Amino acid sequence: RIVQVGWTFGNGQGTPTTQEIIVKPDGFDISDEAVKKHRISHAIASSSGKPLQEVLLSMLSDVLNCYTQGGRIIAHHLEFVAGIISQELERSSLSHLQDAWKTVVCNGICTMDPNTAAWARDMMGVTEIPRLIPMGLVDMVKGLLPDKIELCSKHRSAGNGALMEYVLCKEL
């Protein structure tokens, strides 16, 4: 289940816009394992989180607006993220938005894609790793943008969005 949703969008110039919203748990408890990874406890999410439907509508509004202006979604492990969000759209009575979400995702970029990793390695001058081996987002940032490595210190959804924005701008 989703504990937090974060997204970053921009045009590659200036400071990107970042949103990061904790989701109020409804019908589930946040596991100890999830707390260790995301540092968001059930108590914090229950007291400061927003309803999932509200969070998803906010995110999809921004995503669809960017997409209609020619933008593309970029996510670390896009297929995994897309599946979770699609399930949560169903649970939140927002299944009417699933086709639009699928269209955006099918035109998106996954940082785990071997072609993306191959491009990053080419940019870094790394030739000894086979083309089909994926690359983690932190490794990509360390190699392409060593001055942004401080952004890698937390596993937060908007932080990953900011990292991907910087990686994309490196490509441009």
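Everything here concerns the structure above.
Structural notes, computed from the coordinates. (Residues numbered from 1 in each chain as written. Predicted model: local features only at pLDDT ≥ 70, side-chain atom pairs only at ≥ 80, totals over all residues. Heavy atoms only, no water.)

A word on the overall build of the chain
In terms of regular secondary structure, the chain is built from 8 helices and 4 strands. The order of α-helices and β-strands along the chain, N terminus first, is β-β-α-α-α-β-α-α-β-α-α-α. Counting the 172 residues in the chain, one finds 35% classified as buried. In the chain, once contacts between residues fewer than 6 apart in sequence are set aside, the share between residues at least 24 apart is 60%. (Helix = DSSP H or I, 4+ residues; strand = E, 2+ residues; numbered from the N terminus. Buried < 20%, exposed > 50% of the residue type's maximum accessible area, 1.4 Å probe, protein only. Contact = heavy atoms within 4.5 Å.)

Side note on the side chain of S92
Tracing the backbone through its elements, the reader meets S92 in the loop between α4 (78-91) and α5 (98-106). Relative accessible area serves as the criterion here: at 10%, S92 is assigned to the buried category. Separated by 2.9 Å, the side chain of S92 and the backbone oxygen of E88 make a polar contact. If near-sequence neighbours (up to four positions away) are discounted, S92 is found in contact with L52, Q53 and L56. (Polar contact = N/O pair within 3.5 Å; in protein donor to acceptor, adjacent residues only side chain to side chain.)

Focus on the nonpolar core
In terms of nonpolar packing, the biggest core is built from 23 residues, with V5, M59, I85, L89 and W101 touching the most fellow members. It is helix α3 (residues 52-68) that contributes the most residues to this core, 6 residues altogether. Residue contacts for W101: discarding those within four places in its chain leaves M59, L60, V63, I73, A82, I85, S86 and L89. A120, L137, M140 and V141 belong to the second largest nonpolar core, which has 8 residues in total. (Core = buried A, V, L, I, M, F, W, Y, C linked by side-chain atoms within 4.5 Å.)

Some remarks on the side chain of R121
Relative to the helices and strands, R121 resides in helix α6 (residues 114-124). We note that R121 is buried and unpaired, the nearest opposite charge coming from D139 at a distance of 7.2 Å. (Lys, Arg positive; Asp, Glu negative; His and termini not counted. Salt bridge = Lys/Arg side-chain N within 4 Å of Asp/Glu carboxyl O.)

Topic: the pattern of salt bridges
Summed over the entire model, instances satisfying the criterion amount to 2 salt bridges. In this structure, E88 engages R1 in a salt bridge whose closest nitrogen and oxygen atoms are separated by 3.0 Å. Taken together, the positions of E88 in helix α4 and R1 in the segment before β1 (4-9) put the pair 87 residues apart, joining distant regions of the chain. Here E88 falls in the buried class, since its relative accessible area comes to 1%. Each of the salt bridges in this network shares a partner with another, and the network as a whole consists of R1, E88 and R91.

With respect to unusual backbone geometry
Residue R39 is not a glycine yet carries a positive backbone phi of 60°. At S93, a position not held by glycine, the phi torsion is positive, near 60°. If you trace the backbone, S93 turns up in the loop between α4 and α5.

A few points about the packing of α3 against α4
Contact geometry for α3 and α4: axes closest at 10 Å, N-to-C directions at 125°. As far as their axial angle goes, α4 and α3 are oblique. Two packed elements cross with a definite hand, and for α3 against α4 that hand is left-handed. Facing α3, whose interface residues are L52, L56, M59 and L60, α4 presents I85, E88 and L89. Looking at the contact of α3 with α4 residue by residue, the class counts come to 6 nonpolar, no polar and 1 charged. (Axes fitted to C-alpha atoms, helices over the stretch in contact; angles between N-to-C directions. Parallel < 35°, antiparallel > 145°, perpendicular 65-115°, else oblique. Left-handed = near helix turned anticlockwise from the far one by under 90°. Nonpolar A, V, L, I, M, F, W, Y, C, P; charged D, E, K, R; others polar.)

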